[in-house]
Amino acid sequence: MIAYTEKIRETAQRLLKQCQVEMVIGFRAGSMPMMNEPCFIRKPEDAGQLVWDSNCGINLANYLTDRKEGKIGIVAKGCDSRNIVTHILENKIKREQLVIIGVPCQGMIDKRRITRKAPGEILEVIEADGQVTVKTATDAQTYAKADVMQSNCMVCKHRNPVVHDEMVADPVPEQTDVDPYEDVKAIEAMTSEEKWKYFDELLAPCIRCYACRNACPLCYCPTCFVDEAKPQWMGKSQDPMDVRTFHFLRAYHCAGRCTDCGACERACPVGINMRTLTKKLNKDCLDLYGWEAGLSLDSRPALDIYNPNDPNEFIK
Amino acid sequence: MKVIKIDKTEWTKGLDALRGDYRLFGPVKEKEYCNFKELAKGESPELDMPNTRLSPKSLVFPQSEAMMAYSLAPGEDQNICKEVPKDYSPRAILGIRPCDAKAMVLVHMNFDNGDYQDPYWLNLYNASTFVGQACDKPCGTCFCTSAGSGPYNEQGLDVLLSDQGDHYLAKVLTEKGQKLMAAAGWKSEADGQALAGKKTAAETAITSQVSTDRLKSLDTMELHGADFWEDISFSCINCGTCTFVCPTCWCFDIQDEVYGKRGVRTRNWDSCMFPIFSVHTTGHNPRGTKLQRLRQRFMHKLKYFVDKYDQGIMCVGCGRCVQQCPVNIDIRKVCETMNSLDSEKFCAVQQGK
Amino acid sequence: MENPYLPYPVRIDDIIVESEDRNLKTFKFVFLNPEDEKKFAYRAGQFAELSIAGKGEIPIGIASSPVEKGFIKFTVNKAGVVTSHLHNMQVGDVMGVRGPLGNSYPWNMLEGKNVLIVGGGFAFTTLRSSIIYMLDPANRPKFGDISVVYGARNPGMLLYKDELVEWEKRDDIHMHITVDGTDDPDWKYNVGFVPPITEQKAPQGDENSFAIVCGPPIMIKFTQPVLEKLGYDHDHIILSLENRMKCGIGMCGRCGIGRELVCKDGPVFTLKQINQTPREY
């Protein structure tokens, strides 16, 4: 992954120097362990700012919607590239505006998982050769990267960018022996009471900060349904009914569009695993329509079109 | 000022004695983080932790609070707002850090602004006795000493506890604090000599320093029109996390929630980061872009507040926003950038604005 | 502790439709509790939050004048959730009023001075309050020359038409009523936008003269250079700003521009003060 940094810098510098793009969107080093900050550069000499490592979990496609620049370079891993495809299909950006610098991804580190394991304040996290070393003031622990990845990365089947103009490395082998919907199946198997309790506890800490919605590249409505006043659809307090309405309805708005990038969970300040909801809807789309979001620029999304042999048991 | 020694073996007994007169609140571990909650019978506050995830501001300023209720059914009281019953019985806030206590002092200036007083916030604040805990092990993201506070700062506290291993040294700072100590039965006076040394050690342990010295003298319009805002605001996703975890952020929204024929007027936390925060009924939005909103937040905290109240910046250096911003926007970096604005370089451009 | 969020209950005593498109109505409120009226002692230029239980609150300038006793009046434009609901209410309905809020026009500073009032559209409400205050026999001697330029899009959109006619007849106030355009052959007054009519008819400015300007942003934008040409200094031009508000008492933080809060430090500011703050309103 570290070798990618050099290639990204070199590519960005070349694209800017040759005026092929007006800006490049990527990451620069953060001020905290396990954090990087999304940034943009306009001058070739700033390319040295760009970095890439396993802390680039934020989805950069979030910064593309409705951009007016004629040519934008963007660093995209597998899930990001699928969101870019979705943006193009939904007319939020044009393919011609983009120069996609594809990054074959081998998974992002889960900041929360590591913080849970560490005995004190984490001062430094170093990754090398598939091992992650976590240093606190009193000790240093090393973990296999595979054990401390984000949960969506652990079951990811689309690690390589599906669309790109440049690639910073050769494609990596896709994982085949993982079941992305194992956790969803576990919930599906619960009884009604168990499900009620599960979702009640899941959403109880929500403080209605909307970080999940804002981090999601799919949530680009000029006025979100929770902010509408004429008419006002729901309340703004922490009434459990309103909290559940927000999360469930947002999941439905992302149904069949979500690429499971994990940005929502990364952004949540109180650690809610709201991907449970979107994954269930993704699974339904896969089961019902054979559809996964953002894999190709040539097919319209499942909820956009109708095929004569779509299942329609609901019409009797 | 008295200093009282509390043996850790007497701690729980004292807490139980307090329950007769006070509702107890303190940090409670939930999953992997601590947050301030009411302590159940027999529950002790979690004092050995870096700091809570969400700030204790929710103890005097709940995320969602009913202000008044009304009936919409035809009758004598139709459409008339009436106050709702509240519990302002005495409460003891245990284990609050000096940074968060100072934050309450800053926020107090907003809710008691000379012309008006907010009864909801003030009644909860006045009913609370703050038993603070000094920080001997500050985090790498703490910069309280640069923000007018410190690990042993006493502003806003009624009692300051310092952990000495097998006992606490409690510095009693106010009459309210004295009353609480008496109610708990903690009365063995002690020599407070050790405190000075611990204070210095704790302050030295703070590694993060931020310069704020030029903020007051810099020109508001120059800062507002500076060219670094585009770079700083690019990554912001306007999620509101920073404002929600910040102990000095106080913006709120007032909403009428209706259930059939009766309703409640509630106040909820709001955030200047949200796009609809400043939108007018006509649709005009003075801060319609992300850059304008992000700039507003930092200008408010680091410039407008400084000018308006002359009490330093509207930040106590607790570091929560730095730890939790999903895109790692660091207020320390922004403050340094603002503080080091080169006025001379700016002058030539200003005329065009 | 007094609760500044609790509205005083009022009853709608009268509703007058002011404009021919029926979007502007003047509501006359009477306090249910007489002591509340005493607590509501206000000055011209202040506003109040009109509170409708179940819907919300709106900040509206007080149109009645402190010298008018027994009631308060507000002229409200139908624009959003609360105003639409208010427009559908009937005489006799109960709702709430919170106030008075804001800092009013600087009457202390204006005493002994000449006052030019420039108003446009339905922003004229607090200016009505000011004019009635100044024309009251107890107050008229305190002021020098009073001139008013008031314009609307067409005659049907002018507010307080009967009162405008009455004031026009008086000789202790110079009224210059104007409309942007009209096809009414009997229109007696001016035709033209407010800024050029101000330039033609308003008196010169000097250190004894103040201009109070209240209207839509576009009118203010084009009136400002006219006033400067006439000799009004920036700290002699007084504006009343609008912004999104909720609490009205300087606590919820949303109406802030720079270090000022429009609801508490304003809504009345001099142009000089406004030039020193970011234009985020």
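What you are looking at is a predicted structure, and each value in this text was computed from that prediction instead of being measured.

Thresholds, definitions, all that
- Residues numbered from 1 in each chain as written.
- Chains lettered and ligands numbered in written order.
- Predicted model: local features only at pLDDT ≥ 70, side-chain atom pairs only at ≥ 80, totals over all residues.
- Helix = DSSP H or I, 4+ residues; strand = E, 2+ residues; numbered from the N terminus.
- Rg over C-alpha atoms; globule rule 2.2 N^0.38 Å.
- Contact = placed C-beta atoms within 7 Å.
- Axes fitted to C-alpha atoms, helices over the stretch in contact; angles between N-to-C directions.
- Parallel < 35°, antiparallel > 145°, perpendicular 65-115°, else oblique.
- Nonpolar A, V, L, I, M, F, W, Y, C, P; charged D, E, K, R; others polar.
- Domains from an automatic or database assignment.
- Pairing = 2+ DSSP bridges.
- Left-handed = near helix turned anticlockwise from the far one by under 90°.
- Buried ≥ 20, exposed ≤ 12 C-beta atoms within 10 Å, placed from the backbone.
- Core = buried A, V, L, I, M, F, W, Y, C linked by C-beta atoms within 7 Å.
- Expected span 1.5 Å × (residues − 1).
- Bend = angle between axes of the 7 residues up to and from the residue.
- pLDDT = per-residue confidence, 0-100.

Within chain C one finds eight helices and 15 strands. Scaling as 2.2 N^0.38, a compact globule of 281 residues should have a C-alpha radius of gyration of about 19 Å, and chain C matches this with 18 Å. Seen through its principal axes, chain C has C-alpha atoms that stretch 50 × 45 × 35 Å. Long-range contacts, defined here as pairs at least 24 residues apart, represent 70% of the contacts in chain C between residues at least 6 apart.

It is worth spelling out the packing of helix α1 (residues 8–18) of chain B against helix α4 (residues 175–184) of chain B at this point. Residue and element names in this part refer to chain B. Closest axis-to-axis distance for the α1/α4 pair is 7 Å, and the angle between their directions is 105°. As summarised for this structure, α1 and α4 are arranged roughly perpendicular, according to the angle between their axes. Where α1 approaches α4, its residues Gly 14, Ala 17 and Leu 18 are matched on the opposing element by Leu 180, Ala 183 and Ala 184. Looking at the contact of α1 with α4, its residues break down into five nonpolar, one polar and no charged.

On to the domain arrangement of chain C, then. Residues and elements named next belong to chain C. Segmentation of chain C into domains returns domain 1 (8–100) and domain 2 (107–240). Between the C-alpha centres of domain 1 and domain 2 the distance comes to 24 Å. Within the side of domain 1 that touches domain 2, the residues separate by chemical class into six nonpolar, seven polar and four charged.

On to the sheet that holds strand β12 (residues 237–240) of chain C, then. Residue and element names in this part refer to chain C. Overall, mixed pairing links the seven strands, which are arranged β10-β9-β8-β7-β11-β12-β15 in an open sheet. Whereas interior strands pair on both sides, the edge strands pair on one side only; in this sheet they are β10 (190–191) and β15 (268–270). Relative to strand β8 (residues 146–152), strand β7 (residues 114–120) is paired through six bridges, and the arrangement is parallel. Among the inter-strand pairings, Ile 117 is bridged to a residue of β8, identified as Val 148. Helix α4 (residues 125–135) rests against β7, β8, β11 (209–214) and β12 of the sheet, and its axis sits at about 150° to β7.

Our next topic: the packing of helix α6 (residues 194–201) of chain C against helix α7 (residues 217–230) of chain C. Residues and elements named next belong to chain C. Where α6 meets α7, the axes come as close as 8 Å, and the angle between the chain directions of the two elements is 15°. Comparing their axes, α7 and α6 come out roughly parallel. Crossing geometry of α6 relative to α7 is assigned as right-handed. Contacts from Val 194, Pro 195, Thr 198 and Glu 199 in α6 reach Met 219, Phe 222, Thr 223, Val 226 and Lys 229 in α7.

This part takes up the pairing of strand β4 (residues 72–76) of chain A. All names here are of chain A. Most of β4 is tucked away, with five of its five residues classed as buried. Of the strand pairs in this sheet, strand β1 (residues 23–29) and β4 are connected by three bridges, and their pairing is parallel. Bridge pairing in β4 places Met 23 opposite Ile 72. Here five bridges tie β4 to strand β5 (residues 98–102), and the two strands are oriented parallel to one another.

Side chains of a nonpolar character, in soluble globular proteins, are inclined to be buried together. Counting residues in hydrophobic clusters, the biggest one holds 203 residues, and the most contacted among them are A:Ile74, A:Cys212, A:Ala215, B:Ala92, B:Val159, B:Ala170 and C:Leu50. Not counting residues within four places of it along the chain, the set of residues in contact with B:Ala92 comprises B:Leu18, B:Tyr22, B:Leu24, B:Phe25, B:Thr129, B:Val131 and B:Leu180. The next biggest cluster of nonpolar side chains, apart from the first, holds 48 residues, and it includes C:Leu24, C:Cys214, C:Ile238 and C:Ile274.

What follows deals with the sheet that holds strand β3 (residues 47–52) of chain C. Residue and element names in this part refer to chain C. Here six strands make up an open sheet; going across it, the order is β4-β3-β6-β1-β2-β5 and the pairing antiparallel. Of all the strands in the sheet, the pair left with one neighbour each is β4 (56–61) and β5 (72–77). Averaged over all adjacent pairs, the angle separating strand axes in this sheet is 40°, with direction ignored. Looking at chain direction, β3 and β4 are connected through six bridges and run antiparallel. The partner of Ala 48 across the bridge, within β4, is Ile 60.

Every contact between the two is made by 41 residues of chain B and, on the other side, 34 residues of chain C. For the side of chain B that touches chain C, the secondary structure elements donating two or more residues are β4 (64–71), α2 (98–111), α3 (119–126), α6 (220–224), β10 (252–259) and α9 (290–309) of chain B. The class makeup of the residues in the side of chain B that touches chain C is 19 nonpolar, 14 polar and eight charged.

Below, the discussion takes up the domain arrangement of chain B. Residue and element names in this part refer to chain B. Structurally, chain B comprises domain 1 (3–54 + 86–204) and domain 2 (220–350). The C-alpha-based centres of domain 1 and domain 2 are spaced at 28 Å. Contact residues are listed per partner, giving 19 residues for domain 1 and 17 residues for domain 2. The residue inventory of the side of domain 1 that touches domain 2, partitioned by class, reads eleven nonpolar, six polar and two charged.

Backbone phi values are negative for most residues with the exception of glycine, while trans is the configuration of most peptide bonds. In this chain, A:Lys230 is followed by A:Pro231 through a cis amide linkage whose omega measures 0°. The topology assignment puts A:Pro231 in the loop between α7 (211–215) and α8 (240–253). C:Gly266 connects to C:Pro267 through a cis peptide bond whose omega is 5°. Within the secondary structure, C:Pro267 sits in the loop between β14 (260–261) and β15. Unusually for a residue other than glycine, C:Arg22 sits at a positive phi of about 65°. Mapping C:Arg22 onto the fold places it in the loop between β1 (8–17) and β2 (24–31).

All names here are of chain C. Taking 1.5 Å as the rise per residue, α7 with 14 residues should run 20 Å; its terminal C-alpha atoms sit 20 Å apart, in good agreement. Along its length, α7 reaches its greatest deviation from straightness, about 30°, at Thr 223, and the proline Pro 225 lies no more than four positions downstream. Listed as buried for α7 are Met 219, Ile 220, Thr 223, Val 226 and Leu 227. Looking one or two residues past α7, Gly 231 carries a phi angle of roughly 105°, positive in sign.

Okay, the pairing of β1(A) next. Residues and elements named next belong to chain A. In terms of strand pairing, β1 meets strand β2 (residues 36–41) through six bridges, oriented antiparallel. Its bridge partner lying in β2, Gly 26 is registered against Cys 39. Connecting β1 to the antiparallel partner β2 that follows it, the hairpin turn spans six residues, and Met 34 within it adopts a positive phi of roughly 65°. Where β1 lies against strand β3 (residues 50–51), two bridges are found, and the strand directions are antiparallel. Note that in β3 the partner of Phe 27 across the bridge is Val 51.

The subject of this paragraph is the environment of C:Asp136. Summarising the element assignment, C:Asp136 is placed in the loop between α4 and β8. For the pair C:Asp136 and C:Asp172, spaced 36 residues apart in sequence, the C-alpha to C-alpha distance is 11 Å.

Below, the discussion takes up the confidence of the model for chain C. Residues with a pLDDT of 70 or more make up 100% of chain C, whose mean pLDDT is 92. The ipTM value of the predicted complex is 0.89, and its pTM value is 0.91.

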